[in-house]
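# Examination of the molecular architecture
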Amino acid sequence: DGGITQSPKYLFRKEGQNVTLSCEQILNHDAMYWYRQDPGQGLRLIYYSQIVNDFQKGDIAEGYSVSREKKESFPLTVTSAQKNPTAFYLCASSIGAGASYEQYFGPGTRLTVT
Amino acid sequence: EDQVTQSPEALRLQEGESSSLNCSYTVSGLRGLFWYRQDPGKGPEFLFTLYSAGEEKEKERLKATLTKKESFLHITAPKPEDSATYLCAVQAGQAAGNKLTFGGGTRVLVKP
């Protein structure tokens, strides 16, 4: 509990603006992930990072960008190119990425774009 | 393509009325199956990992089981605080970066 923080909890933006969501973890985990959750749908993977300065696209990376300059931080930028940005965004981390390690989730950021 | 289907979508129970949630999956070589609990407006909370058919895990009123095609989450004598959405996810043996594929979840409401 509290090992992963996301801020802000709620975010409102106008269409056409880029917005950055914060994710910080104090679990000393190597791997970090960003998911998107829409009503009635399962979580979908946006980007993941197995190690500092490296990240890979997930299933729905278009319109998003990330960076991993520090082990504990994995910010997500939602760009104006993302067609349907309004969603609940979840950050997660795991000890590593090479085995079936469980992923631990942050509290989420709800983004509303109008 | 890996797929996970959860049923039912929603479940209303009376306090004390035991029931089971289903998670059917299609995956190329299962590495792990994960159960999470999610309360409204919050991030998922890890419950269990199952690795092979026949495996069972328990935590309080929850028991998860695994076969080669599906997993069940049994809720025994539920209490109102067990109300939540329960998510199932699988990881394939060749999944890049520990990727999880999630089902749509089952919303459980336990009435006193």
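Residues numbered from 1 in each chain as written. Chains lettered and ligands numbered in written order. Predicted model: local features only at pLDDT ≥ 70, side-chain atom pairs only at ≥ 80, totals over all residues. Heavy atoms only, no water.

So, on to the overall build of chain A. Assigned secondary structure in chain A consists of zero helices and eleven strands. Ordered by position from the N terminus, the helices and strands of chain A form the series β-β-β-β-β-β-β-β-β-β-β. In summary, chain A has a C-alpha radius of gyration of 13 Å against a globular reference of 13 Å for 114 residues, a match within 12%. In terms of overall dimensions, chain A has C-alpha extents of about 40 × 25 × 25 Å along its principal axes. Relative to its full complement of 114 residues, chain A shows a buried share of 46%. Partitioning the contacts of chain A with sequence separation of at least 6, the portion at a separation of at least 24 is 52%. Carbon together with sulfur atoms contributes 48% to the accessible area of chain A, which is approximately 5600 Å² in total. If the 11 positive side-chain charges of chain A are averaged to one point and the 11 negative ones to another, these points end up 8 Å apart. (Helix = DSSP H or I, 4+ residues; strand = E, 2+ residues; numbered from the N terminus. Rg over C-alpha atoms; globule rule 2.2 N^0.38 Å. Buried < 20%, exposed > 50% of the residue type's maximum accessible area, 1.4 Å probe, protein only. Contact = heavy atoms within 4.5 Å. Areas by Shrake-Rupley, 256 points an atom, 1.4 Å probe, with all protein chains shown as cover. Lys, Arg positive; Asp, Glu negative; His and termini not counted. Charge placed at Lys NZ, Arg CZ, Asp CG, Glu CD.)

A few words on the sheet that holds strand β3 (residues 19-25) of chain A. Residue and element names in this part refer to chain A. Strand order in the open sheet made by the four strands is β1-β3-β8-β7, with antiparallel pairing throughout. For this open sheet the edge positions go to β1 (4-7) and β7 (64-66), each flanked by a neighbour on one side alone. Between one strand axis and the next, the sheet turns through 20° on average, direction left out of account. Here four bridges tie β1 to β3, and the two strands are oriented antiparallel to one another. In the sheet register, T5 faces β3, and the bridge partner there is E24. (Pairing = 2+ DSSP bridges. Axes fitted to C-alpha atoms, helices over the stretch in contact; angles between N-to-C directions.)

Here we take up the sheet that holds strand β1 (residues 3-7) of chain B. Residues and elements named next belong to chain B. Here we have five strands laid out as an open sheet, ordered β1-β3-β8-β7-β6, and antiparallel in their pairing. With one partner strand each, in any of the chains shown, β1 and β6 (56-59) form the two edges of the open sheet. The sheet shows a mean angle of 15° between the axes of neighbouring strands, direction not considered. With five bridges connecting them, strand β7 (residues 62-66) and strand β8 (residues 70-75) associate as antiparallel partners. Counterpart to K63 in the pairing with β8 is H74.

What follows deals with the pattern of salt bridges. All names here are of chain A. Enumeration over the complete set of coordinates arrives at eight salt bridges over all chains. The partner of D30 in a salt bridge is K71, and the shortest N-O contact between them spans 3.3 Å. Within this pair, whereas D30 is found in the loop between β3 and β4 (31-37), its partner K71 is found in the loop between β7 and β8 (76-78), the two being separated by 41 residues in sequence. Among the residues examined, D30 registers a relative accessible area of 34% and is labelled partly exposed. The residue D38 makes a salt bridge to R44 at a minimum N-O spacing of 2.8 Å. (Salt bridge = Lys/Arg side-chain N within 4 Å of Asp/Glu carboxyl O.)

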